[in-house]
Each structure stands twice: as C-alpha cells, then as structure tokens.
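Structural overview for review
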Amino acid sequence: LGKKTFINEEGYFHYKKDKINLVMGRKYNPFGPGRMEGLFISPIAPSLDQITLEINGLSNFQYRNTIIRLDNRITEWDGKEEIAQRWYYLRSFGYNYKDKVKINFVDAVIATGFNRGVEWYYVNPLSSLFMERKHQTQWREGGDSTAVDLGDNDNHFIGGNISVNINAWSFYSELLID
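Below: a short report on this structure. Since the structure is predicted, the reported quantities are computational estimates derived from the model, not experimental observations. (Residues numbered from 1 in each chain as written. Predicted model: local features only at pLDDT ≥ 70, side-chain atom pairs only at ≥ 80, totals over all residues. Heavy atoms only, no water.)

**Focus: the overall build of the protein chain**
Counting its regular elements, the protein chain contains 1 helix and 9 strands. Sequence-ordered secondary structure for the protein chain, helices as α and strands as β, is β-β-β-β-β-β-β-α-β-β. Looking at the protein chain as a whole, 34% of its 178 residues qualify as buried. Counting only contacts in the protein chain whose residues sit at least 6 apart along the sequence, the fraction spanning at least 24 positions is 49%. Entry remark: accessible area of the protein chain is about 11500 Å², with carbon and sulfur atoms responsible for 57%. (Helix = DSSP H or I, 4+ residues; strand = E, 2+ residues; numbered from the N terminus. Buried < 20%, exposed > 50% of the residue type's maximum accessible area, 1.4 Å probe, protein only. Contact = heavy atoms within 4.5 Å. Areas by Shrake-Rupley, 256 points an atom, 1.4 Å probe, with all protein chains shown as cover.)

Here's what the structure looks like:
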C-alpha cells in the first residue's frame with residue numbers, strides 16, 4: 001500500500017465464553033497490575049508462543065495458567081553443539097473485591113534442558129512448592145526431561161501482587177522471590 005510497511009507480530013486463536021478465556025498462538029502477554037506490566041513478564045518482551053487458560057469471576061476468584069515457548073539456546077556441551085529448549089510456566093490465582101482490591105498469588109518455572117518438551121506436571125497450580133527437583137543429590141548439570149539428569153536447569157519463582165483503586169487513584173505492589 002504505497003510506501004507503508006505493515007508488521008504483524010501476533011497470530012493466535014482466541015476462544016472466550018462466559019468465564020473462560022483460551023489463547024493459543026503468538027501473542028503479547030501482559031501480566032501484572034502496573035501499566036508497564038510486571039515482574040514475571042517484562043514490559044518489553046516480544047509476543048510469545050503460548051497456550052493461556054484464564055477462568056475469571058468464579059465468586060470473585062480468577063485463575064490463569066500459561067505455557068510459553070521461549071527461544072532455544074545453542075550451547076557447546078562436551079565438545080558438541082547442543083540445543084537447550086526453554087519453557088516458561090506461569091500460574092496465577094487471585095481474588096478481586098469489587099474492582100477496588102485485587103490480590104494475586106503467582107508461581108512460575110523456567111524449564112531448560114536438552115531434548116525437552118512440555119512437562120505437564122508444571123501445569124499444576126503451585127507446582128513450584130512441591131515439584132522442586134533440582135536439589136536432589138543425584139542431580140547432574142546438563143540432562144534430559146525424563147529424569148533429573150544432564151541439561152535440566154529449572155528455575156522456580158513465587159510471588160504476588162496487589163492493586164488498590166480508591167476513587168481516581170491506583171496503587172499497586174509486586175513481589176517476586178527467585
């Protein structure tokens with residue numbers, strides 16, 4: 001169209017019905033109460049390949065579960081070039097009191113390893129609190145996803161956020177523990 005250039009950085013399937021919201025594809029992923037988004041996803045992050053399920057408004061409770069495919073990293077391991085697959089699992093459970101006070105508890109995992117696909121146990125809510133595998137004595141740096149082995153390098157986060165809206169004023173705070 002003349003001298004104009006168009007760029008589309010998103011392409012996704014979106015299903016929404018009543019309290020359920022499902023997104024599959026490449027999309028920007030705003031997360032957090034701030035206008036510049038939050039600690040768990042950077043405000044300058046590109047659109048990301050993902051599957052996101054949100055359930056909103058069940059007695060003022062919300063639940064969100066996101067699986068994000070991060071970029072692969074090429075690294076040299078034992079003299080060979082290996083590709084480490086990277087995944088980001090992000091879960092949030094919150095309460096909304098009349099749009100005046102919103103509180104969310106968040107847990108997330110960045111999973112990295114060779115020959116590693118989606119690990120469905122990380123979809124479980126609060127898996128960071130009971131699935132921490134990397135501090136077992138048999139763990140070795142570098143493994144696959146079927147056992148704690150070479151290449152596995154999972155990083156667990158927990159935290160939360162709160163936002164308070166009073167008349168025309170909004171206040172929010174976030175916490176991330178790595």
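Now that the structure has been shown, the text picks up again.
**Describing the nonpolar core**
One recurring pattern in soluble globular proteins: nonpolar side chains tend to sit buried together. Core analysis: the biggest nonpolar cluster contains 11 residues, these being F31, F40, I41, L48, I68, L70, Y88, L90, V106, A108 and F157. If you list the elements that add at least two residues to this core, you get β6 (80-97) and β7 (101-114). I67, W87, Y89 and Y122 belong to the second-largest nonpolar core, a separate cluster that totals 6 residues. (Core = buried A, V, L, I, M, F, W, Y, C linked by side-chain atoms within 4.5 Å.)

**Things to note about unusual backbone geometry**
Backbone geometry at N60 places phi at a positive 70°, although glycine is not the residue there. Summarising the element assignment, N60 is placed in the loop between β3 (48-58) and β4 (61-69). Classification of N60 by relative accessible area gives partly exposed; the value is 36%.

**Quick look at a nonpolar patch on the surface**
Taken together, the side chains of F13, Y15, I20, M24, I51 and L53 define a hydrophobic patch exposed on the protein surface, amounting to about 510 Å² of accessible area. Residue placement: F13 occurs in strand β1 (residues 11-17). (Patch = residues over 30% accessible without salt bridge, like charges linked within 9 Å, V, L, I, M, F, W, Y side chains within 5 Å. Salt bridge = Lys/Arg side-chain N within 4 Å of Asp/Glu carboxyl O.)

**Overview of the pattern of salt bridges**
Oppositely charged side chains are able to pair whenever their charged atoms sit close together. One pass over the full model with this rule turns up 5 salt bridges. Taking the shortest distance from any N to any O, the salt bridge between D49 and R26 comes out at 3.1 Å. Placement of the pair is D49 in strand β3 and R26 in strand β2 (residues 20-27), with a sequence separation of 23 residues. Judged by relative accessible area, which is 30%, D49 ranks as partly exposed. Owing to a relative accessible area of 37%, R26 belongs among the partly exposed residues under this scheme. Across the pair D99 and K102 runs a salt bridge whose closest N-O atoms are separated by 4.0 Å. A relative accessible area of 48% places D99 in the partly exposed class. Its relative accessible area of 32% is what places K102 among the partly exposed residues.

**Thoughts on the environment of I41**
The residue I41 is located in the loop between β2 and β3 in this model. Since its relative accessible area comes to 6%, I41 is described here as buried. Separated by 10 residues in sequence, I41 and F31 place their C-alpha atoms 6.3 Å apart. Beyond its immediate chain neighbours, meaning those up to four positions away, I41 contacts N29, F31, I68, Y88 and L90.

**Notes on the packing of aromatic side chains**
In this structure the tally under the stated criterion is 5 aromatic pairs. Pairwise contacts between aromatic rings join F61, F93 and Y95 into one cluster. Directly above the aromatic system of Y12 lies the positively charged group of K27, at a separation of 5.3 Å from the ring centroid. Directly above the ring of W87 sits R69, whose terminal nitrogen or CZ lies 4.6 Å from the centroid. (Phe/Tyr/Trp six-rings, centres within 6.5 Å; stacked < 30°, edge-to-face > 60°. Lys NZ or Arg CZ within 6 Å of the ring centre and 35° of its normal.)

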